[in-house]
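The chain contents come next:
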Amino acid sequence: MHSTPTAFKAQAKAALADPVIRQNFRGAMDFLRGKRQGVFPEQAEFKALQACAETIKQQALDDLPQLLELLEQNCTRNGIQVHWAESAQEANEIIDGLIDQHDGTQVVKGKSMATEEIELNDYLGARGKDCIETDMGEYIVQLAGEHPSHIIMPAIHKNAEEIGQLFHEKVAGVDYTTDVDTLINIGRTQLRERFMAADIGITGVNFAVAETGTLCLVENEGNGRMVSTVPSVHIAVSGIEKVIASLQDTPPLLSLLTRSATGQIITTYFNMISGPRGYGEAERDGPKEVHLVLIDNGRTQAYADEQFRKTLSCIRCGACMNHCPVYTRIGGHAYGTVYPGPIGQIISPHLLGLEQTNDLPTASSLCGACEEVCPVNIPIPNLLQRLRRQSNLGREASTGIRGAGSARSGLEALVWKSWRWACCRPWAYGVVTRVVALARPLLGLVKTPWNKGRATPRPAPKTLNQLLKHRATGSNRTGGAHGNH
Amino acid sequence: MATTKAKAAILNKLRAASSGAVDAAPVSAAPAVPTLVDPLEHFVSLLKANHAQVIQCETARLQTVVTDVLREQGATRVIAAERVLAEFPELTQVAEPLPPGTMEDWKEQLFNEVEVGITSAHCALAATGTLVLRPGADEPRSLSLVPPCHILLLREQTLYNDLTHAMVDQRWAEQMPTNMLLVSGPSKTADIQQTLAYGAHGPRTLVVIILPQ
Ligand code: SF4
């Protein structure tokens, strides 16, 4: 049940027809929107904070190469080993190599979209290494053999009954229950064993602070702390855009992230990691080694374009999907990409190329809700329109976007070309519109994608040109009659 | 080395692009977090709303208060950070220090036997109801994480208005410790049908004891 972005239309259709999916997403989205609204009582405060966060991210992006070097320098000084990967393949090789270097057999992972993006679990699995997801939502999704359907709440597509059934089937000795406390406790017990036994822990990164060489992790459950504290090696995986300049940039970003994501003024844990065990003093626990893997994987492509660069400001809060009328109805899996919803629609074309993703930018009514709630003010609808244009570019137009022009259809191009030709020649235009008006009774019979769900628009029996001509002669007569009185 | 090559390639691409200078972003400073009228009250009410137990007590009564909490928890194996035992020697009556050695030596005990961990709070943040922990040689990171119940001792005078205040006043950026942690309640999750459940992976119970000056 691996969905793909190329099958977007079919997947969206299937999701729309599934009442359980519809209900699960509707309920979850209403909940998350309500929570968010509760912690942003004043629009003015949100706007001020948003402007500040936008500036922080924008400046960090403008200085990205320098900040990345500074981050590496300061991490290295702190004892964190930094690795660079241009592609998903390279990132996986680095991580796999690190695990081998330590004869690692038990790998535990905290929630990380970057490792979903590079499909680390599959890569390690193919090499006989088990990588256990430890975030409750991710654990559920992994147990079900699925992928996350939301970047903040991975198992949002499942309800308690489905999860109860899953645990009953997949976890030895567990009876069916829908009691959430019991279910969470089952997960807790299972995973504690794993934390204790693990030799490698893998996490993502929310913010990487260049000034101090600090990796910040935001979470509620404590699994991120477990994974980065108990195993003797911690590997943090991050996109290159997560770097920020200074520690003082974290409070506004943290506040916006947790409020936008789950409607909390702060999460239970905000973990700032600036080095392995005992780097500076004789600590008795914590990982003996900390590694940071910095991933490009298409980000430099987005970076190269002034407008697309804004895509990289994203702090992955998920608010855009929670407020998207399309996401709310079709859910996360229909997109077939790791990042679903509006952010997925604008980032995936850079990660995967437009050939595979050119349906995604079209899955939007451009209502603007995503842009309105985005804590870093990413102009998502504009970027979607720009991507639509990119995917329809002609072969001759050169552009830095992989797969540009891939949605271009010869027929569509021909139609537009002919339309333009006719519009520039009044006589031709007149002939065409008259023919269309005459063919009126036949047009209803033609099957087009348009009339699948809509009534076929019927051309008027007389063209505007004809009507006006008629009126011109007619009104002259009536005008004359008036004049006689 | 593949990673050196990757680094050069990534930085070159970024440099080539960033030279096409974008307009400098307008500078807008972070809006200040409003100064609270009664920070302590705000702090306590937020912590309670987040399901933490909060007790304010005189230092002289600390041992009694801790004993009560332990009785309530039915705890038999209690470990306090050395930092805590050094500051409040009376707690050796109710809590023991960690066994000698490093985590590898006592990991199984910590996971399977220890019911309560007692640590100190470095400072606290009123605006979000947050405790700042600064683990180190005399207070392991895992003691506030692995045992199902976590008791935190906080000196009232270390309460700051918010995170920015604390990090500026204490000049964190000059020297970050290997680990610094903000805690704002017991571990929790809403991953199953948006239903809140406590004790996901970290402590189920968080008890904050606030001591006066
Ligand atoms: S695009 Fe904006 S709203 Fe969407 S996840 Fe990123 S930061 Fe959040």
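Keep in mind it's a predicted model, so treat the numbers as computed, not measured.

Caption draft 1: Fine view of the overall build of chain A. Secondary structure assignment for chain A yields 23 helices and 10 strands. Principal-axis analysis of the C-alpha atoms places the extent of chain A at approximately 110 × 55 × 45 Å. With 485 residues in all, chain A has 56% of them scored as buried. The contacts of chain A with a sequence gap of at least 6 include a subset with a gap of at least 24, amounting to 73%. As displayed, chain A has an accessible area near 20500 Å², and 54% of this comes from carbon and sulfur atoms. In chain A, the 49 positive side-chain charges and the 50 negative ones have mean positions that sit 17 Å from each other.

Caption draft 2: Fine view of the pairing of strand 6 (residues 149-155) of chain B. All names here are of chain B. With six of seven residues buried, strand 6 is to be regarded as a mostly interior element. Sheet topology places strand 3 (residues 116-120) next to strand 6; five bridges connect them, and they run parallel. Bridge pairing links Ile-118 to Ile-151 in strand 6. Sheet topology places strand 6 next to strand 11 (residues 205-211); seven bridges connect them, and they run parallel. Considered in strand 11, the bridge of Leu-154 is made with Ile-210.

Caption draft 3: Here's a closer look at the state of the cysteines. Under the counting rule described, the total for this entry stands at zero disulfides over all chains. Cys52(A) takes part in no disulfide bond, and the closest cysteine sulfur, belonging to Cys374(A), lies 14 Å away. Overall, the relative accessible area of 2% leaves Cys52(A) in the buried class. Here Cys149(B) is not disulfide-linked; the sulfur of Cys57(B) is the nearest cysteine sulfur, at 15 Å.

Caption draft 4: Quick peek at helix 16 (residues 341-352) of chain A. Residues and elements named next belong to chain A. Its 12 residues place the ends of helix 16 16 Å apart at the C-alpha level, agreeing with the 16 Å of an ideal helix rising 1.5 Å per residue. Where burial is concerned, most of helix 16 is hidden: 11 out of the 12 residues are buried. Buried within helix 16 we find Gly-341, Pro-342, Ile-343, Gly-344, Gln-345, Ile-346, Ile-347, Ser-348, Pro-349, His-350 and Leu-351. Gly-353 sits one or two positions beyond helix 16 and adopts a positive phi of about 90°.

Caption draft 5: Representation of the nonpolar core within the structure. Judged by nonpolar contacts, the single largest core of 104 residues is most densely connected at Leu68(A), Phe207(A), Leu292(A), Trp172(B) and Leu182(B). The element best represented in this core is helix 3 (residues 43-62) of chain A, accounting for seven residues. Domain assignment of the residues forming this core places at least three in each of domain 1 (1-36 + 318-408) and domain 2 (40-301) of chain A. Filtering out sequence-adjacent residues up to four positions away, Trp172(B) remains in contact with Leu247(A), Met272(A), Val132(B), Leu163(B), Ala166(B), Met167(B) and Met180(B). Core analysis: the next-biggest nonpolar cluster, separate from the first, contains 60 residues, Ala160(A), Leu183(A), Leu70(B) and Ala80(B) among them.

Caption draft 6: Layout of the interface of chain A and chain B. Taken together, the 92 residues of chain A in the interface contact 82 residues of chain B. Area buried by chain A at its contact with chain B is led by Arg188(A), Met196(A) and Arg284(A), which between them contribute 12% of it. The interface formed by chain A and chain B includes eight salt bridges. Salt-bridge contacts for Glu86(A) lead to Lys13(B); the nearest nitrogen and oxygen are separated by 3.5 Å. Linking chain A with chain B are 37 residue pairs in polar contact (both at pLDDT 80 or more), by the criterion used here. When residues in the side of chain A that touches chain B are grouped by element, the largest group, 10 residues, is from helix 10 (residues 180-197) of chain A. Here the side of chain A that touches chain B is built from residues that sort into 45 nonpolar, 26 polar and 21 charged.

Caption draft 7: Representation of the environment of Glu69(A) within the structure. Looking at where Glu69(A) falls in the secondary structure, it is placed in helix 4 (residues 64-78). Taking the relative accessible area as the measure of exposure, Glu69(A) reaches 30% and is therefore partly exposed. Distance from Glu69(A) to Ala210(A), taken between C-alpha atoms, is 8.2 Å for residues 141 residues apart in sequence. In this view, Glu69(A) contacts Lys7(B), Leu11(B) and Arg15(B); residues no more than four positions away in its chain are not counted.

Caption draft 8: Region of the structure containing the sheet that holds strand 2 (residues 78-80) of chain B. Residue and element names in this part refer to chain B. In spatial order, the strands read 1-11-6-3-2; together these five strands make up an open sheet with parallel pairing. A strand with exactly one partner marks an edge of an open sheet, and here the two such strands are strand 1 (53-56) and strand 2. The average undirected angle you get between the axes of adjacent strands in this sheet is 20°. Each of strand 1, strand 6 and strand 11 touches helix 2 (residues 39-49); the most contacted strand, strand 1, lies at about 145° to it. The strands touched by helix 3 (residues 62-73) are strand 1, strand 2, strand 3, strand 6 and strand 11; relative to strand 11, the strand with the most contacts, the crossing angle is about 170°.

Caption draft 9: Spatial organisation of the site of the ligand. In the vicinity of the ligand, the contacting residues are Cys314(A), Ile315(A), Arg316(A), Cys317(A), Gly318(A), Cys320(A), Ile343(A), Cys374(A), Pro375(A), Val376(A), Ile378(A) and Ile380(A). Taken together, the residues of the shell around the ligand sort by class into 10 nonpolar, one polar and one charged.

Caption draft 10: View of the packing of helix 16 of chain A against helix 19 (residues 380-391) of chain A. Residue and element names in this part refer to chain A. It is the contact of helix 16 with helix 19, at a shortest axis distance of 10 Å, that shows an interaxial angle of 40°. In terms of their interaxial angle, helix 16 and helix 19 are classed as oblique. The hand of the helix 16/helix 19 crossing is left-handed. Counted together, Pro-342, Gln-345, Ile-346 and Pro-349 of helix 16 and Ile-380, Leu-383, Leu-384 and Leu-387 of helix 19 form the full contact between these two elements. Along the lines of polarity and charge, the residues of the contact of helix 16 with helix 19 split into seven nonpolar, one polar and no charged.

Caption draft 11: Summary view of the domain arrangement of chain A. As assigned here, chain A comprises domain 1 (1-36 + 318-408), domain 2 (40-301) and domain 3 (422-484). Centre-to-centre separation of domain 2 of chain A and domain 3 of chain A, based on C-alpha positions: 62 Å.

Cut-offs and rules
Residues numbered from 1 in each chain as written. Chains lettered and ligands numbered in written order. Predicted model: local features only at pLDDT ≥ 70, side-chain atom pairs only at ≥ 80, totals over all residues. Heavy atoms only, no water. Helix = DSSP H or I, 4+ residues; strand = E, 2+ residues; numbered from the N terminus. Buried < 20%, exposed > 50% of the residue type's maximum accessible area, 1.4 Å probe, protein only. Contact = heavy atoms within 4.5 Å. Areas by Shrake-Rupley, 256 points an atom, 1.4 Å probe, with all protein chains shown as cover. Lys, Arg positive; Asp, Glu negative; His and termini not counted. Charge placed at Lys NZ, Arg CZ, Asp CG, Glu CD. Pairing = 2+ DSSP bridges. Disulfide = S-S within 2.5 Å. Expected span 1.5 Å × (residues − 1). Core = buried A, V, L, I, M, F, W, Y, C linked by side-chain atoms within 4.5 Å. Domains from an automatic or database assignment. Buried area = accessible area lost by both parts, 1.4 Å probe. Salt bridge = Lys/Arg side-chain N within 4 Å of Asp/Glu carboxyl O. Polar contact = N/O pair within 3.5 Å; in protein donor to acceptor, adjacent residues only side chain to side chain. Nonpolar A, V, L, I, M, F, W, Y, C, P; charged D, E, K, R; others polar. Axes fitted to C-alpha atoms, helices over the stretch in contact; angles between N-to-C directions. Near = heavy atom within 4 Å. Parallel < 35°, antiparallel > 145°, perpendicular 65-115°, else oblique. Left-handed = near helix turned anticlockwise from the far one by under 90°.

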